[in-house]
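Here is how the chains run, residue by residue.
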Amino acid sequence: MLLLLATAGTSAFAQDASASTAPATAPAPAASPATIDMEDRQMLLQVSRKIRAFISELEEISDAIPGAPSDVYPDINRRYNSAKLRWNTYYQSYQGFIADHERLMQEVADYGQVDEALVAAMTELKSKMDAQTEFRESVGYIESQDSLYIRMFKQANALSMSQRTQSELEKLKGKEQLLFAEIQEKYDKAKAAVELVPSLQPEMDKLEDHFIVIKNTSAKIQEAAYKPFIQRIKDYLLGLAAVAVVLMFISMMQSKLKAAKQLKENAKQMMEGLGKKDDDYPCI
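The text that follows walks through the structure, step by step, so that each part is easy to find. All residue numbers refer to position in the chain's written sequence, counted from 1. Where local features are concerned, this predicted model is filtered to residues with pLDDT of at least 70; where side-chain atom pairs are given and counted, the filter is 80 or more; whole-chain, interface and lining totals use all residues. In computing side-chain properties, one takes all heavy atoms of the structure into account and sets aside hydrogens as well as water.

In terms of nonpolar packing, the biggest core is built from 26 residues, with Phe135, Tyr149, Ile183, Met204 and Leu207 touching the most fellow members. Counting from the N terminus, the helices are DSSP H or I runs at least four residues long and the strands are E runs at least two residues long. With 9 residues, the top contributor of residues to this core is helix α7 (residues 166-196). Apart from the residues within four sequence positions on either side, phenylalanine 135 is in contact with Ala190, Ala193, Val194, Leu200, Glu203 and Met204. By convention a nonpolar core is built from buried Ala, Val, Leu, Ile, Met, Phe, Trp, Tyr and Cys residues, the set being connected through side-chain atoms within 4.5 Å. When accessible area is computed with a 1.4 Å probe and restricted to protein chains, residues below 20% of their type maximum are described as buried, those above 50% as exposed, and intermediate ones as partly exposed. In this structure, Leu44, Val47, Tyr73 and Ile98 belong to the second largest nonpolar core, which totals 24 residues. What makes two residues a contact is simply this: any of their non-hydrogen atoms within 4.5 Å.

Quick look at the structure:
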């Protein structure tokens with residue numbers, strides 16, 4: 001037992017001795033401050049150029065918007081989304097480095113301003129595109145109601161001939177009221193679209209004439225009501241009388257205008273005759 005302990009102690013001593021005599025590993029040389037500063041400066045320039053390139057890309061998209069038709073919005077939106085995705089990926093990769101440099105932080109702020117202005121311009125362009133789409137839909141809907149209104153007007157007149165069909169007439173009026181309310185809504189949307197896209201005004205003028213015809217037809221349908229035959233005859237005669245009065249008034253006004261014109265012509269001829277007589281006097 002003693003022999004074993006002695007042997008173990010000798011072995012351990014030998015290992016310590018060999019460890020103390022072994023040469024130590026030399027530490028790696030530290031990078032000099034000049035080298036670190038140069039690398040940081042190169043990285044700073046590289047990131048700065050990249051940020052400025054992203055800004056230039058947004059400015060190119062912005063330059064394509066003024067005066068562009070609204071139907072180019074999908075292409076502009078696609079270009080913007082692509083540029084924004086690449087920017088977000090790059091910024092997240094270098095966010096820590098950018099935060100350590102005031103110059104880069106200022107350039108990121110510049111990017112944000114350009115991006116905000118571009119988004120506002122794109123929003124306005126999309127509003128115009130949506131307005132044109134809304135206008136086309138409104139025009140198409142209103143114009144498609146012509147044949148229906150002709151049928152409803154004829155039905156209203158037919159149902160107003162008999163007292164037994166008054167309930168059907170009232171149902172027809174209710175249906176027409178709902179339909180005209182929808183037409184009115186479409187018309188209002190078309191007017192709002194013209195405010196955003198003034199170039200639609202000529203088409204709006206045509207739509208307005210169309211809308212007035214439908215509105216007048218709607219009023220006639222709502223006024224339709226049963227009247228006894230004698231009352232209808234009276235209304236017809238009163239209508240003829242009203243027309244006669246209007247025609248008589250127009251004829252009277254035409255006669256007055258003609259007389260006034262003749263009186264003016266006579267006065268003019270008289271003045272010309274007096275002027276000639278004055279010229280006949282001998283000059284001294």
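Now, onward.
What counts as a salt bridge is simple: a side-chain nitrogen of Lys or Arg found within 4 Å of a carboxyl oxygen of Asp or Glu. Here the structure, examined in full by the defined rule, presents 10 salt bridges. Across the pair lysine 189 and glutamate 134 runs a salt bridge whose closest N-O atoms are separated by 3.9 Å. Of this pair, lysine 189 sits in helix α7 while glutamate 134 sits in helix α5 (residues 102-143), and the two are 55 residues apart along the sequence. The partly exposed category is assigned to glutamate 134, whose relative accessible area is 24%.

Below, the discussion takes up the packing of α7 against helix α8 (residues 201-223). The N-to-C vectors of α7 and α8 enclose an angle of 165°; their axes lie 11 Å apart at closest approach. Overall, the two elements α7 and α8 adopt an arrangement that is roughly antiparallel. The two elements α7 and α8 cross, and the hand of that crossing is left-handed. Seen from α7, the contacting residues are Lys173, Glu176, Gln177, Phe180, Ile183, Gln184, Tyr187, Ala190, Lys191 and Val194; seen from α8, they are Gln201, Met204, Leu207, Glu208, Phe211, Ile214, Lys215, Ser218, Ile221 and Gln222. Following the grouping adopted for this structure description, the nonpolar residues are Ala, Val, Leu, Ile, Met, Phe, Trp, Tyr, Cys and Pro, the charged ones are Asp, Glu, Lys and Arg, and the polar ones are all others, Gly among them. Residue classes in the contact of α7 with α8 are distributed as 10 nonpolar, 5 polar and 5 charged. A fitted line through C-alpha atoms serves as each axis, taken over the contacting stretch for helices, and the angle formed by two N-to-C directions is quoted from 0 to 180°. Angle categories: roughly parallel below 35 degrees, roughly antiparallel above 145, roughly perpendicular from 65 to 115, and oblique for all the rest. By convention, the crossing between two helices is left-handed when the near helix turns anticlockwise from the far helix through less than a right angle, and right-handed when the turn is clockwise.

So, on to the packing of helix α6 (residues 146-159) against α8. Between α6 and α8, whose axes approach to 10 Å, the crossing angle comes to 20°. Judged on the interaxial angle alone, α8 and α6 are roughly parallel. Pair α6 / α8 crosses with left-handed handedness. Contacts from Asp146, Tyr149, Met152, Phe153 and Ala156 in α6 reach His210, Ile214, Thr217, Ser218, Lys220 and Ile221 in α8. Its residues placed into classes, the contact of α6 with α8 shows 6 nonpolar, 3 polar and 2 charged.

On to the side chain of serine 160. Mapped onto the fold, serine 160 is located in the loop between α6 and α7. Reaching out from serine 160, the side chain makes a polar contact with the backbone oxygen of asparagine 157 at a distance of 2.7 Å. Counted as a polar contact is a pair of N or O atoms within 3.5 Å, where, for protein atoms, one must be capable of donating a hydrogen and the other of accepting one, and residues adjacent in sequence contribute only when both atoms are in side chains.

The rule is short: rings of Phe, Tyr and Trp, with Trp giving its six-membered ring, pair when the centres are within 6.5 Å, and they are stacked under 30 degrees, edge-to-face over 60, tilted in between. The tally for this structure, following the rule as stated, stands at 7 aromatic pairs. With 4.0 Å between their ring centres and 5° between their planes, tyrosine 187 and phenylalanine 211 make a pair best called stacked. Pair noted here: tyrosine 187 is in helix α7 and phenylalanine 211 is in helix α8, with a separation of 24 residues, a long-range link. Judged by its relative accessible area of 5%, phenylalanine 211 falls in the buried class. These aromatic residues form a ring-pair network of at least three members: Phe54, Trp87, Tyr90, Tyr91, Tyr94 and Tyr111. Charge-over-ring contacts are defined here by two conditions on Lys NZ or Arg CZ: a distance within 6 Å of the ring centre and an angle within 35 degrees of the ring normal. Positioned over the ring face of tyrosine 141 is lysine 186, at 5.7 Å from the centre of the ring.

Before going further, it helps to examine the side chain of glutamate 176. Along the chain, glutamate 176 turns up in helix α7. When charges are tallied, Lys and Arg are placed among the positive residues and Asp and Glu among the negative ones, while His and the ends of the chain are skipped. Buried and unpaired, glutamate 176 has lysine 173 as its nearest opposite-charge partner, separated by 9.2 Å. A polar contact is formed between the side chain of glutamate 176 and the side chain of tyrosine 149, at a distance of 2.6 Å. Filtering out sequence-adjacent residues up to four positions away, glutamate 176 remains in contact with Tyr149, Met152, Ser218, Ile221 and Gln222.

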